[in-house]
Amino acid sequence: MKTRCPSCGATLSLDALVQHDAARQAMVAAFALGNEIGGALIRYLALHRPEQRELTMDRVARLLGDLLPDIKAQRIERDGRVYDAPPEAWVWAIEQAITSRDAGRLKTPLRGHGWLYEVLTHWKPSVGGVMRGVATEPTNINSPAARSQTMKAIAELEGMKRGANRTA
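Residues numbered from 1 in each chain as written. Predicted model: local features only at pLDDT ≥ 70, side-chain atom pairs only at ≥ 80, totals over all residues. Heavy atoms only, no water.

1. Description of the pairing of strand 3 (residues 75-78)
- Where strand 3 lies against strand 4 (residues 81-84), four bridges are found, and the strand directions are antiparallel. Following the sheet pairing, Ile76 is matched in strand 4 by Tyr83.
- The antiparallel hairpin formed by strand 3 and strand 4 contains two residues in its connecting segment, where Asp79 sits at a positive phi of about 55 degrees. (Pairing = 2+ DSSP bridges. Helix = DSSP H or I, 4+ residues; strand = E, 2+ residues; numbered from the N terminus.)

Shown next, in the form of structure tokens:
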């Protein structure tokens, strides 16, 4: 029986899928993390598929194998810094990637995971059940726009601090 993956575009028999050890193990490990993150990872794989070709099972296994240790550890390292990355952060970042691709802001096929990891650095834990992200695109924190936002936040904190000192 032939099947076609709606995400990666691979067409193969179920026997071949089950018999490819590395891909099978990677998929089992991904879905063992939970249905939500497993489904998000399948959608993420589609971002690596060349337009005119299918993803090979070796590539699927390699892509998932690169991510799974960090997903299980629930943290990533980027530019020498460590960031928390619980499952909801991964799902959020993958949704950001898909939204960016659909809006034409993300060129596919992706070659690696750098874009996803950069987006993960902007994830903030949910507050009141609403997941917050600082940015949908990786940004340069040294840009004038980023500095002005930082300065505004510092000014607001200083104002709050002065107000607290007056009432004390």
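Now that the structure is up, let's keep going.
2. Notes on the packing of helix 3 (residues 35-46) against helix 5 (residues 87-102)
- Taken N-terminus to C-terminus, the directions of helix 3 and helix 5 make an angle of 30 degrees; their axes are 9 Å apart at the nearest point. In terms of axis orientation, helix 3 runs roughly parallel to helix 5. The way helix 3 lies across helix 5 gives a crossing that is left-handed. Residues Glu36, Ile37, Ala40, Leu41, Arg43 and Tyr44 of helix 3 form the contact with helix 5, whose own contacting residues are Pro87, Trp90, Val91, Ile94, Glu95 and Ile98.
- The residue makeup of the contact of helix 3 with helix 5, split by class, is nine nonpolar, no polar and three charged. (Axes fitted to C-alpha atoms, helices over the stretch in contact; angles between N-to-C directions. Parallel < 35°, antiparallel > 145°, perpendicular 65-115°, else oblique. Left-handed = near helix turned anticlockwise from the far one by under 90°. Contact = heavy atoms within 4.5 Å. Nonpolar A, V, L, I, M, F, W, Y, C, P; charged D, E, K, R; others polar.)

3. Digging into the packing of aromatic side chains
- Taken as a whole, this structure holds one aromatic pair when the rule is applied.
- Geometrically, the ring pair formed by Trp90 and Tyr117 is edge-to-face, given 5.6 Å between the ring centres and 80 degrees between the ring planes. Of this pair, Trp90 sits in helix 5 while Tyr117 is found in helix 6 (residues 114-120), placing the two residues 27 residues apart along the sequence. Both residues of the pair, Trp90 and Tyr117, belong to the buried class. (Phe/Tyr/Trp six-rings, centres within 6.5 Å; stacked < 30°, edge-to-face > 60°. Buried < 20%, exposed > 50% of the residue type's maximum accessible area, 1.4 Å probe, protein only.)

4. A few points about the nonpolar core
- Residues Leu41, Leu67, Trp90 and Leu116 are the most contacted members of the largest nonpolar core, which totals 36 residues.
- Elements supplying a minimum of two residues to this core: helix 2 (21-32), helix 3, helix 4 (57-73), helix 5 and helix 6.
- Ranked by the residues each element gives to this core, the list is headed by helix 5, at eight residues.
- If near-sequence neighbours (up to four positions away) are discounted, Leu41 is found in contact with Ala30, Leu64, Leu67, Ile71 and Ile94. (Core = buried A, V, L, I, M, F, W, Y, C linked by side-chain atoms within 4.5 Å.)

5. Things to note about the environment of Ala85
- Looking at the secondary structure, you find Ala85 in the loop between strand 4 and helix 5.
- Residue classification places Ala85 among the buried residues on the basis of a relative accessible area of 0%.
- Setting aside chain neighbours within four positions, we find Ala85 in contact with Gln74, Arg75, Ile76 and Trp90.

6. Observations regarding the packing of helix 3 against helix 4
- Two elements in contact, helix 3 and helix 4, have axes whose closest approach is 11 Å; the angle formed by their N-to-C orientations is 135 degrees. Judged on the interaxial angle alone, helix 4 and helix 3 are oblique. The two elements helix 3 and helix 4 meet at a crossing, and its hand is right-handed. Counted together, Ile37, Leu41, Tyr44 and Leu45 of helix 3 and Val60, Leu63, Leu64, Leu67 and Ile71 of helix 4 form the full contact between these two elements.
- For the contact of helix 3 with helix 4, a count of residues per class yields nine nonpolar, no polar and no charged.

7. Considerations on the confidence of the model for the chain
- With 65% of its residues at a pLDDT of at least 70, the chain reaches an overall mean of 78.
- Across the chain, the secondary-structure element scoring lowest on mean pLDDT is strand 6 (residues 130-133), at 50, and the one scoring highest is helix 6, at 97.
- Contacts from residues 134-147, a stretch scored under 50 in pLDDT, to residues over four places away or in other chains number 23 contacts. (pLDDT = per-residue confidence, 0-100.)

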